[in-house]
Protein chains: 2
Amino acid sequence: MRLLAALSGEPLDRPPIWLMRQAGRYLPEYRELRSRHRFEEAMQTPDLAAEITLQPLRRFPLDGAIVFADIMTPVPAMGVDVVFDPGPRLDPLTMARVADLPDPDMARLAHVGEVIGRVKANLDREAAVIGFAGAPVTVLAYLLEGGGSQHFPVFRSAIHRHDPATALSRLASSTHRYLQAQVKAGADVIQLFDTWAGLLDAEQFETWALPSARQALSGIGVPTIYFAPGGAHLLELLPGVGATAYGVDWRLPLDVAWNRIGPDHPIQGNLDPSVLLAGPKEAGRAATELLDRVRGRPGHVFNLGHGVLPGTPVESVAAVVESVIEHAHRRSDEKAGIG
Amino acid sequence: MRLLAALSGEPLDRPPIWLMRQAGRYLPEYRELRSRHRFEEAMQTPDLAAEITLQPLRRFPLDGAIVFADIMTPVPAMGVDVVFDPGPRLDPLTMARVADLPDPDMARLAHVGEVIGRVKANLDREAAVIGFAGAPVTVLAYLLEGGGSQHFPVFRSAIHRHDPATALSRLASSTHRYLQAQVKAGADVIQLFDTWAGLLDAEQFETWALPSARQALSGIGVPTIYFAPGGAHLLELLPGVGATAYGVDWRLPLDVAWNRIGPDHPIQGNLDPSVLLAGPKEAGRAATELLDRVRGRPGHVFNLGHGVLPGTPVESVAAVVESVIEHAHRRSDEKAGIG
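An account of the accompanying structure is given in this report. The structure presented is a predicted model; accordingly, all values stated were derived computationally and were not measured.

1. Overview of the packing of aromatic side chains
And step 1. For the coordinates displayed, the defined rule picks out 22 aromatic pairs over all chains.
And step 2. Ring centres of Phe39 of chain A and Phe84 of chain A lie 6.0 Å apart, and the angle between their planes is 50 degrees; this geometry places the pair in the tilted category. Taken together, the residues Phe39 of chain A in helix H3 (residues 39-44) and Phe84 of chain A in strand S2 (residues 83-84) connect sequence positions 45 residues apart. No difference in accessibility class separates Phe39 of chain A from Phe84 of chain A, as the two residues are buried.
And step 3. Summarising the aromatic geometry, the rings of Tyr226 of chain B and Tyr246 of chain B are spaced 6.4 Å apart at their centres and angled 70 degrees between planes, so their arrangement reads as edge-to-face. A residue pair is termed long-range when its members are at least 10 positions apart, and Tyr226 of chain B in strand S6 (residues 224-227) and Tyr246 of chain B in strand S7 (residues 245-247) qualify at 20 residues.
And step 4. Judged by relative accessible area, Tyr246 of chain B falls into the buried class, the value being 0%.
And step 5. Put simply, the rings of Tyr30, Phe39, Phe68 and Phe84 of chain A pair up and form one aromatic cluster.
And step 6. Between Arg297 of chain A and the ring centre of Trp258 of chain A, over which it is positioned, the NZ or CZ distance is 3.9 Å.
And step 7. Lying over the aromatic face of Trp250 of chain A, Arg156 of chain B brings its terminal NZ or CZ to 4.2 Å of the ring centre.

2. Section: the relation of the copies chain A and chain B
And step 1. Least-squares fitting of chain A to chain B yields an RMSD of 0.0 Å, with the superposition described by an axial translation of 0.0 Å and a rotation of 180 degrees. Expressed as a symmetry operation, the mapping of one chain copy onto the other fits a two-fold axis. Within chain A, Ala232 of chain A has its C-alpha nearest the rotation axis, a separation of 2.9 Å.

3. With respect to the pattern of salt bridges
And step 1. This model, assessed by the stated rule, comprises 32 salt bridges over all chains.
And step 2. The salt bridge involving Glu29 of chain B is made with Arg59 of chain B; its shortest N-O contact spans 2.6 Å. Of this pair, Glu29 of chain B sits in helix H2 (residues 28-36) while Arg59 of chain B sits in helix H4 (residues 46-59), and the two are 30 residues apart along the sequence.
And step 3. In this structure, Glu40 of chain B and Arg38 of chain B form a salt bridge, with 3.1 Å as the shortest nitrogen-oxygen distance.
And step 4. Judged by its relative accessible area of 53%, Arg38 of chain B falls in the exposed class.
And step 5. A single salt-bridge network, built from bridges that share partners, covers Asp47, Glu114 and Arg118 of chain A.

4. A few points about the sheet that holds strand S9 (residues 300-304) of chain B
Residue and element names in this part refer to chain B.
And step 1. Pairing is parallel across the open sheet formed by seven strands, whose spatial order is S1-S4-S5-S6-S7-S8-S9. A single partner strand is all that each edge strand has here, and the edge strands are strand S1 (64-66) and S9. Looking at each pair of strands side by side, their axes are set apart by 25 degrees on average, direction ignored.
And step 2. Alignment of S7 against strand S8 (residues 267-271), held across two bridges, turns out to be parallel. Bridged to Tyr246 within S8 is Ile267.

5. Considerations on the environment of Arg125 of chain B
All names here are of chain B.
And step 1. Topologically, Arg125 is positioned in the loop between helix H6 (110-122) and strand S4 (128-134).
And step 2. Excluding anything up to four places from it in sequence, Arg125 contacts Leu57, Phe60, Pro61 and Leu62.
And step 3. For Arg125, the side chain forms a polar contact with the main-chain oxygen of Leu57, separated by 3.0 Å.

How each quantity is defined
Residues numbered from 1 in each chain as written. Chains lettered and ligands numbered in written order. Predicted model: local features only at pLDDT ≥ 70, side-chain atom pairs only at ≥ 80, totals over all residues. Heavy atoms only, no water. Phe/Tyr/Trp six-rings, centres within 6.5 Å; stacked < 30°, edge-to-face > 60°. Helix = DSSP H or I, 4+ residues; strand = E, 2+ residues; numbered from the N terminus. Buried < 20%, exposed > 50% of the residue type's maximum accessible area, 1.4 Å probe, protein only. Lys NZ or Arg CZ within 6 Å of the ring centre and 35° of its normal. Least-squares fit on C-alpha atoms with pLDDT ≥ 70 in both. Salt bridge = Lys/Arg side-chain N within 4 Å of Asp/Glu carboxyl O. Pairing = 2+ DSSP bridges. Axes fitted to C-alpha atoms, helices over the stretch in contact; angles between N-to-C directions. Contact = heavy atoms within 4.5 Å. Polar contact = N/O pair within 3.5 Å; in protein donor to acceptor, adjacent residues only side chain to side chain.

Here's what the structure looks like:
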């Protein structure tokens with residue numbers, strides 16, 4: 001599989017491509033399905049979640065299918081009620097309460113494994129199935145804050161007041177179990193989303209986020225990708241997570257970010273998702289510029305620097321995917337002296 | 001004045017201290033005043049805005065008084081209606097419309113000069129009056145988006161589609177006039193807030209944000225501070241703005257950020273505002289740690305790495321200010337062999 005080959009650093013005629021939030025609101029067939037089913041129902045019903053996971057692969061020759069689920073999916077299985085609207089909302093927990101959470105009831109998460117099985121059974125060509133989870137710090141942020149927030153003041157002040165080590169270790173252990181179940185069900189690759197780690201300062205990251213992410217991923221048995229958007233101040237620290245590869249957002253040129261992380265690690269990214277909103281011409285051109293910049297360096301997984309934004313034209317996604325494939329042809333044409 | 005001395009790089013027994021959003025919701029006297037006056041009324045009535053500006057200086061021995069106004073204050077004077085609730089909201093503009101905006105009607109901004117005059121007349125001790133404006137890119141972001149936003153998709157896609165140079169130059173020219181009026185009214189220092197520049201990639205920043213911020217500040221006649229939070233990827237580029245000093249957020253240790261910007265520029269920051277939420281003990285200790293790290297290096301202006309967060313205990317602000325003053329005494333005691 002092309003994605004696995006890139007994650008093991010093999011030279012390839014073109015990088016693999018998949019896009020964060022490739023399944024979702026920008027697709028009319030997703031909106032049609034969602035007009036008939038609530039977000040939670042869509043996630044928890046294996047047939048629906050598998051269908052949503054596969055929708056973008058029917059349209060585009062993507063190299064990965066990421067399971068349709070949420071960062072907070074495992075939390076209700078730990079006895080904490082979460083409402084998705086579609087962002088998660090819950091009654092905020094204390095740090096002590098998080099430290100005391102039980103392991104997830106894996107029976108209540110069986111649907112995620114079923115989604116993976118159905119996706120694998122229905123893929124009509126080679127593509128990696130990508131399982132995922134939220135990193136412990138990011139899940140802790142939601143649990144303490146009670147949902148999303150611009151500044152996460154409750155979470156950020158709590159870690160100044162209470163040692164979060166026990167709570168994070170608890171979440172890391174639960175996350176590890178959840179990821180293990182996804183691997184057992186057939187996930188080829190695991191991505192760990194640390195969406196809010198970029199709010200931490202470098203020392204907090206190193207002390208809390210890094211070891212808990214490492215614990216969640218350690219020994220998981222398939223290649224792993226760790227992604228902390230807004231983390232330009234953390235790049236040099238990332239290898240401590242022990243992932244196979246690291247995702248980077250659009251803020252730094254890919255080669256600059258790559259060198260800061262360390263050139264030996266594969267890297268995933270980093271097209272600015274807002275260029276897709278500008279239209280297919282702009283999106284295709286920007287994708288080509290990114291490929292020109294990377295110059296075929298082995299270990300690159302083509303992706304956006306953040307999830308597909310709502311309102312993105314389907315044609316822009318098509319243009320990006322075509323650019324990646326087209327660019328490979330151009331390069332091989334050039335090598336063959338045709339160009 | 002201590003703030004001016006630090007901005008000219010003079011060695012001092014302690015750094016000057018002021019805090020972004022030091023006037024605001026966390027102060028009971030502010031909330032009391034606001035219970036009687038709407039946000040817009042409080043900003044536009046010189047007596048009220050001067051009173052709010054001075055409230056934190058009555059409580060704490062701060063070295064700066066920042067005018068109570070909003071980044072979007074000059075926009076209605078350019079003929080664009082803005083509602084503050086308290087974040088700005090407006091009917092989104094096109095890039096072409098922004099490029100065509102008139103200069104601000106300075107008569108409609110006269111109240112800001114009056115606030116500065118009243119603050120200076122009523123300061124009972126030496127403190128710098130800090131005028132401010134939003135940087136062109138940040139004002140453009142609000143104008144195109146129609147208000148605040150997590151991802152600013154409209155703004156970010158617009159600058160991929162339309163060259164923003166004319167619009168930014170227009171805003172830079174208006175901002176310059178507005179800042180000039182503040183200097184004329186007696187502002188001792190100017191801060192330019194580039195709140196959303198950190199959403200741009202490094203190349204966009206260098207091409208659009210930097211020259212427009214430079215144009216806004218150029219030749220303003222008093223020391224200037226440029227602040228782009230979330231800008232860890234931009235630090236090396238900041239000197240191109242041509243400000244006297246640069247503010248930095250809490251994400252990197254102050255000395256690391258300082259060295260990336262260049263050690264010859266004074267620096268402002270960078271206590272994590274969330275530590276103040278944790279309580280006065282935590283806040284005081286963190287302030288002391290920051291001072292220990294800086295070790296009296298000339299050119300440091302003590303501040304937070306972002307504005308005071310709502311819900312911050314007044315006692316935490318007191319503890320931070322006391323730590324800065326106490327630390328200076330400790331240092332001079334140590335020098336005198338008393339400690």
